[in-house]
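Observations on the model geometry
Spelled out from the first residue to the last, the chains are:
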Amino acid sequence: MSVAEHVELARELTRLVEVRIVDPLEILLDTGDDVGDVRERLRVRAEVWAAQLLGPDDRSAVMTSARLIAALFPGDGPFDPPDEWWRTAFGRAVARRAGHPGTEAVSFTTAAAMLGITRQGVHDLVKRSKLDRHPSGGVTTASIRARLTVPKEQHVAARRHHH
């Protein structure tokens with residue numbers, strides 16, 4: 001985890017929680033109640049969440065992502081964010097630590113978004129057995145997560161070795 005990654009993620013989480021939870025709460029209270037304390041606590045908690053999402057404890061990272069997703073993206077159906085979401089700091093952290101919550105496979109387009117590459121790049125990785133095709137179509141989320149957890153240096157070394 002880099003400091004820049006942590007700072008970006010903490011800021012994004014703060015902004016998300018403010019927009020989706022704190023601002024509506026302030027509107028609902030409509031009594032002039034100050035939610036400044038909540039906002040300050042939120043900034044501190046966002047730092048903790050970012051550390052948990054980017055830290056070494058997989059279980060803590062998965063639980064934190066599940067709690068945040070449940071609170072920030074409530075719904076009756078499974079969590080299925082648009083492909084652009086996977087390019088956000090929070091989306092990248094979730095992809096790396098939890099994969100795609102609630103599904104075993106995603107489309108090649110979603111896999112590309114999760115990996116930050118092109119759809120053609122996903123096809124190439126599947127063809128070279130670097131990602132697993134799911135029997136019902138698409139790419140397994142487990143193979144995407146595994147690919148994201150391998151340090152980039154190993155990808156570069158593997159490419160040099162194969163040429």
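Residues numbered from 1 in each chain as written. Predicted model: local features only at pLDDT ≥ 70, side-chain atom pairs only at ≥ 80, totals over all residues. Heavy atoms only, no water.

1. Considering the overall build of the protein chain
Helices and strands together make up the secondary structure of the protein chain, namely 8 helices and 2 strands. Element order for the protein chain, N to C, with α for helix and β for strand: α-α-α-α-β-α-α-β-α-α. Counting all 163 residues of the protein chain, 38% fall into the buried class. About 9900 Å² of surface is accessible on the protein chain, with carbon and sulfur atoms providing 54% of the total. (Helix = DSSP H or I, 4+ residues; strand = E, 2+ residues; numbered from the N terminus. Buried < 20%, exposed > 50% of the residue type's maximum accessible area, 1.4 Å probe, protein only. Areas by Shrake-Rupley, 256 points an atom, 1.4 Å probe, with all protein chains shown as cover.)

2. Side note on helix α5 (residues 108-115)
Helical geometry: 3.6 residues make up each α-helical turn, so side chains three or four residues apart lie on a common side. Counting buried residues in α5 gives 7 out of 8 residues, a clear majority hidden from the surface. Those residues of α5 that sit buried are F108, T110, A111, A112, A113, M114 and L115. Buried-residue contacts for α5 involve α4 (89-98), β1 (105-106), α6 (119-127), β2 (139-140) and α7 (141-149). G116 lies just past α5 and shows a positive phi near 70°. (Contact = heavy atoms within 4.5 Å.)

3. With respect to the packing of α4 against α7
When two helices pack together, their arrangement is given by the angle between the helix axes and the distance between those axes. Taken N-terminus to C-terminus, the directions of α4 and α7 make an angle of 105°; their axes are 7 Å apart at the nearest point. Considering the angle they form, α4 stands roughly perpendicular to α7. Residues A95, R96, R97 and A98 of α4 lie in contact with α7, whose contacting residues are R145, L148 and T149. Among the residues forming the contact of α4 with α7, the class breakdown is 3 nonpolar, 1 polar and 3 charged. (Axes fitted to C-alpha atoms, helices over the stretch in contact; angles between N-to-C directions. Parallel < 35°, antiparallel > 145°, perpendicular 65-115°, else oblique. Nonpolar A, V, L, I, M, F, W, Y, C, P; charged D, E, K, R; others polar.)

4. Considering the packing of helix α2 (residues 36-54) against helix α3 (residues 58-72)
Remark: α2 packs on α3, axes separated minimally by 8 Å, with the N-to-C direction vectors making an angle of 130°. One element, α2, and the other, α3, form an angle in the oblique class. Where α2 approaches α3, its residues R45, W49, Q52 and L53 are matched on the opposing element by S60, A61, T64, S65, R67 and L68. Here the contact of α2 with α3 is built from residues that sort into 4 nonpolar, 4 polar and 2 charged.

5. Regarding the packing of aromatic side chains
Per the stated rule, a full pass over the model turns up 5 aromatic pairs. Measuring from ring centre to ring centre gives 5.5 Å for W85 and F90, while their planes differ by 85°; the resulting arrangement is edge-to-face. Residue W85 is classed as buried on the basis of its relative accessible area of 10%. Note on F90: relative accessible area 0%, which makes it buried. Counting every residue linked through ring pairs, the aromatic cluster contains F73, F79, W85, W86 and F90. (Phe/Tyr/Trp six-rings, centres within 6.5 Å; stacked < 30°, edge-to-face > 60°.)

6. Observations concerning the nonpolar core
One recurring pattern in soluble globular proteins: nonpolar side chains tend to sit buried together. Judged by nonpolar contacts, the single largest core of 37 residues is most densely connected at L9, L13, F90, V122, L131, V139 and I144. Those residues in contact with F90 that lie beyond four places of it in its chain are L9, E12, L13, L16, L53, S65, L68, I69, L72, F73 and W85. (Core = buried A, V, L, I, M, F, W, Y, C linked by side-chain atoms within 4.5 Å.)

7. Let's talk about the confidence of the model for the protein chain
Overall, the prediction assigns the protein chain a mean pLDDT of 88, with 90% of residues at 70 or greater. Low confidence marks residues 155-163, where pLDDT is under 50. Its contacts with residues over four positions away, or in another chain, come to 3 contacts. (pLDDT = per-residue confidence, 0-100.)

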